[in-house]
Amino acid sequence: MLHTLRDRDLTTAKEILAGVTVDEAVTILREAPATERVLAYRLLDKRTAAEVFDLLTGPEEVDLLTAMTTSEATAVLESLDPDDQARLLDEAPAGVAKRLLAALPESDRRRVGVLLSYPADSAGRLANPRYLALRPDTDAARALEEVRDSRLGPEDLTTVFVIDGERHYLGLVTVAELVRAAPGTLLGTLARLPDIAVTTTADAAAASRLLQLRDLGALPVIDSERRLVGALTYDDAMDALEDDASETMYRKAGLGDPTHAKELLRSERLTRGGILYPVRVRIAFLMVTLAGGLMVGGLIERFEDVLAAVVAVAIFVPLIMDMGGNVGTQSTTIFARGLALGHIDPKVFGRQLFREVRVGATMALILAGIGGTVAYLWQGAPNDIPLLGLAVGLSLFTSVTLATFLGFALPWLLFRIGLDHAPGADPFITTIKDFTGLAVYFSLTAWLLGVG
């Protein structure tokens, strides 16, 4: 698929896209470079394109809009609800947002302007100004006609709000309740939860939790005089709760908004973007491992006389290398998870590093005892080289202790200097602990056994 886009074989590309599912189309857009991504989106039919756009993440939507022409981006924005328009324009670069806002129709521009005037992370910012509100003297039959005639989407039409002549909120009625009610029943009689509403300045996450607690499809958003100004729908509420949970997690981890955004963008590009970015980032760090492997090869060559004189020494080389690597991977994983969940605070990192080294030294002592004993019984005593077990044990202790230290210290250092620690820590750890562990092993072996 991607090669047809690169070759600008648009006829074939359109035929392929016509036969894929919406989820498959999302995958194609995520894997395509920016230019081909916009091209693929243009080739989708209008209905599929709308569904695909709705499944993209916020950063992906912004990237796609930024790469589009003004007319294309405006057409996409016009198909969205005002709250989604406001969210995307708020997330887009200032220049792009200004250009797209100016291109919107006056009515949309006015509604978006009102939403953007509310504080960030407030219920007013998330409120959809498109909703169905009727007077209390409207009967159920007429209300159902209004539902059928409404141009609102299914996700926005789960609830009918009841208001008076001055738009004061009086209560709500679900569509299901309307269907079950007798045709002549007035909405004023059916309306319930008159006190369940949130103001435009209320915290978005708190409002979303209220909607979730009450198990409602939409929550009324009112101004200071209780006039209805919008509806917080269930899908927007769940997005707000997810954002709030992520924000809490990152703040506990000591990450501010800029760092959170940077980490989110890195993760998106490493897991969902085109392949060139992850290849470029990861290969740069793997070059460290390649160079380290060559250095380890030079180290082995330097001690080839030891290997030639005592063949049993070679048997334990993989053990020294693999044990340190596995322990280092454990430590980096524990660091990454602890950082994300807030159990590790980069501002007071010394205490946590010291604890991890103590854990590593304890494990190293146990593993060194077991490994050294096995080496002595397996190869040392039978071959009349009893000190081989001591060399293996000391090398394991050094390698494992060093790996736990590096497994915490290197990701923290990369994080502090602004580099991506996800693909960067392990290659450095592998290189340093392999070289150090084998250098200790060969040196001890040569010294204790009197070889070389």
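Please read these numbers as outputs of a predicted model, since none were measured by experiment.

What about the packing of helix α3 (residues 22–31) against helix α5 (residues 46–55)?
- Contact geometry of α3 with α5 gives a least axis separation of 9 Å together with a crossing angle of 65°. In this structure, the crossing between α3 and α5 has a hand that is right-handed. Packed against α3, whose contacting residues are Val22, Asp23, Ala25, Val26, Leu29 and Arg30, the element α5 presents Thr48, Glu51, Val52 and Leu55 at the interface.

So, helix α9 (residues 94–103)
- Taken together, the buried positions of α9 are Val96, Ala97 and Leu100. Seen end-on, α9 carries its buried residues on one side only, within an arc spanning 95°. Away from the buried face of α9 by more than 90 degrees, exposed residues Ala94, Gly95, Lys98 and Ala102 are located.
- Buried residues in α9 make contact with α6 (58–67), α7 (70–78) and α8 (82–91).

Some remarks on the side chain of Gln379
- Checked against the element boundaries, Gln379 lands in helix α22 (residues 349–380).
- Exposure remark for Gln379: the relative accessible area of 13% places this residue in the buried category.
- Among residues more than four places away in sequence, those in contact with Gln379 are Ala312, Ile315, Phe316, Val374, Ile385 and Leu388.

Topic: the sheet that holds strand β3 (residues 169–174)
- Spatially, β1-β2-β3 is the arrangement adopted by the three strands of the open sheet, whose pairing is mixed. The sheet terminates laterally at β1 (133–134) and β3, the two strands that pair on one side only.
- Sheet topology note: the strand β2 (residues 159–163)/β3 ladder contains five bridges and is antiparallel. The partner of Ile163 across the bridge, within β3, is Tyr169.

Looking at unusual backbone geometry
- Even without glycine at this site, Leu193 takes up a positive phi of about 55°.
- With respect to the secondary-structure elements, Leu193 resides in the loop between α14 (187–190) and β4 (198–199).
- With phi around 55°, Asp215 is a residue other than glycine that occupies positive phi space.
- With respect to the helices and strands, the residue Asp215 is situated in the loop between α15 (204–214) and β5 (218–222).

Reading guide: rules and limits
- Residues numbered from 1 in each chain as written.
- Predicted model: local features only at pLDDT ≥ 70, side-chain atom pairs only at ≥ 80, totals over all residues.
- Heavy atoms only, no water.
- Axes fitted to C-alpha atoms, helices over the stretch in contact; angles between N-to-C directions.
- Helix = DSSP H or I, 4+ residues; strand = E, 2+ residues; numbered from the N terminus.
- Left-handed = near helix turned anticlockwise from the far one by under 90°.
- Contact = heavy atoms within 4.5 Å.
- Buried < 20%, exposed > 50% of the residue type's maximum accessible area, 1.4 Å probe, protein only.
- Arc of directions from axis to C-beta.
- Pairing = 2+ DSSP bridges.

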